Amino acid sequence: MIQTIRKAWGIPELRKKIVFTLLILLIFRVGNAIPTPYINTELLGAYIDSTGGSLLSLYNVMSGGAFAQATVFALGVQPYINSSIIIQLLTIAIPALERLARDGGEAGKKKIASITRYATVAIALLQAFGYYMICKNYGILEQSGVWPALVIIVTLVAGSSFVMWLGEQVNEFGIGNGISMILFAGILARIPTAFTTGRYFVAQKGSIGYLWLALVVLGILAMIVLIVHVNGAERRIPVQYAKRQVGRKMYGGQASTLPMKVNMSGVLPIIFAQSIASLPATVWAFVGTPDKDTSPVAYSIYSAIDTKSVLYLIVYFLMIIGFSYFYATIQFNPVEISNNLKKNGGFIPGFRPGQPTSQFIAKVLNKVTLFGAIYLGIVAIAPLIVGKALDNYSLAIGGTSVIIVVGVALETVQALESQMLMRQYKGFLE
């Protein structure tokens, strides 16, 4: 990775793109320090900390801490991510959008991108209103009324739209993966805080506290090694192409492989599973946490669905597996791949073209997806269990953060390598 960045820095064209990307990230971090008016940031930060590893804590990490500090970029890239996922799912469900994405070409991609932008603004508007209602219900506002509500909502929506624009500028003039790079910068900014805000590390002084801290750091390094290994792992199905003669030329007869990535869906199953699994506790937090003495039944129910409970861990893990299969089915269609192989004269040795081939691909896909889903579940659950044991719930979303950071770093290196390779091809052709 360091070698790739060093080589890219030696190329003037790529050096300009890297500097431009760094400037965009600097603007993003400066925006994270500009506060939104009429909000008491101390009360808001204390409330976010009290929610533990809920959905609000996830938003706070994704925004680089801006969510708890009520800055203009408090919503961060979450509206754009949610909008992209929704439009992607609608593209499969709605035939008109599917035709636009498949047959529309460059104009179709621009149309879908425009729809995604409008959906981002709509989602940001809903999230900004919910943000204002949280501050209002818990007495976090410094001043109430219609004008403060309008200022807060408009500021948050404008900030989210500006972050989306920054990501698009990185895609066009930078090294690419704009939204991912902004998300990457936000999460990295929160890593030092994760080791200093935990009550366990603050309370434990001396060798015992440092020992646990060293063990956590070693665990994170081991997780990074696992993520890098699994992200590059894939199951390759051998494919043979039959020979055919067209005129005087012979085509085909080549051997190839059909790659099938182990972690095909990335971090999306974790994000979706955590959003849904923590939704009941988050909604209950909006209404108000029940008191143990006055409402023992309500408190028991809240404790059972809380993000620190065993039931939450089980539901969370099962949802990750379910969403992993869901995304794998969307991205990898065995019937379509089997038909494409048949049209191009390809076949898998030992299986006839058509239904036997599609059944074999589906069988392999289920096995690979199961392994990838269990891997995602372990990566997501392990920090949560460690955070519960150490009484440091900021580690609860550490698995998601590490996967995103490592994934974006690997994608960035691949993007730089691709651009360097394209530059060599251009020089060769010229």
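Calculation notes
- Residues numbered from 1 in each chain as written.
- Predicted model: local features only at pLDDT ≥ 70, side-chain atom pairs only at ≥ 80, totals over all residues.
- Heavy atoms only, no water.
- pLDDT = per-residue confidence, 0-100.
- Contact = heavy atoms within 4.5 Å.
- Salt bridge = Lys/Arg side-chain N within 4 Å of Asp/Glu carboxyl O.
- Helix = DSSP H or I, 4+ residues; strand = E, 2+ residues; numbered from the N terminus.
- Buried < 20%, exposed > 50% of the residue type's maximum accessible area, 1.4 Å probe, protein only.
- Axes fitted to C-alpha atoms, helices over the stretch in contact; angles between N-to-C directions.
- Parallel < 35°, antiparallel > 145°, perpendicular 65-115°, else oblique.
- Nonpolar A, V, L, I, M, F, W, Y, C, P; charged D, E, K, R; others polar.
- Pairing = 2+ DSSP bridges.

### Side note on the confidence of the model for the protein chain
- A residue-level look at the protein chain finds 81% of positions with pLDDT of 70 or above and a mean pLDDT of 79.
- In this model residues 198-208 is a low-confidence stretch, pLDDT under 50, and it forms 16 contacts with partners more than four residues away in sequence or in other chains.
- Contacts of residues 426-430 to residues separated by more than four positions or lying in other chains number zero contacts, the stretch itself having pLDDT below 50.

### Examining the pattern of salt bridges
- With the rule as written, the count across this model stands at two salt bridges.
- Across the salt bridge formed by R117 and E168, the nearest N and O atoms sit 2.6 Å from each other. Separated by 51 residues along the polypeptide, R117 in helix α8 (residues 105-137) and E168 in helix α9 (residues 146-173) bring together distant segments of the chain.
- Taking relative accessible area as the criterion, E168 reaches 22% and is therefore assigned partly exposed.
- Here E234 and R236 are joined by a salt bridge, their closest N and O atoms 2.8 Å apart.

### A look at the packing of helix α7 (residues 95-103) against α8
- Where α7 meets α8, the axes come as close as 7 Å, and the angle between the chain directions of the two elements is 130 degrees. Relative to α8, the element α7 lies oblique. Where α7 approaches α8, its residues L97, L100, A101 and D103 are matched on the opposing element by G105, G108, K111, I112 and I115.
- Tallied by class, residues from the contact of α7 with α8 come to five nonpolar, two polar and two charged.

### Considering the sheet that holds strand β1 (residues 234-241)
- Taken in spatial order, the three strands line up as β4-β1-β5 in an open sheet, and their pairing is antiparallel. Each end of this open sheet is capped by a strand with a single partner; those strands are β4 (255-261) and β5 (346-347).

### Remarks on the pairing of β1
- Bridge count between β1 and β4: seven bridges; the pairing is antiparallel. Along β4, the bridge assignment pairs R236 with P259.
- Where β1 meets β5, two bridges bridge the pair, whose relative direction is antiparallel. When the sheet's bridge partners are listed, Y241 is paired in β5 with G346.

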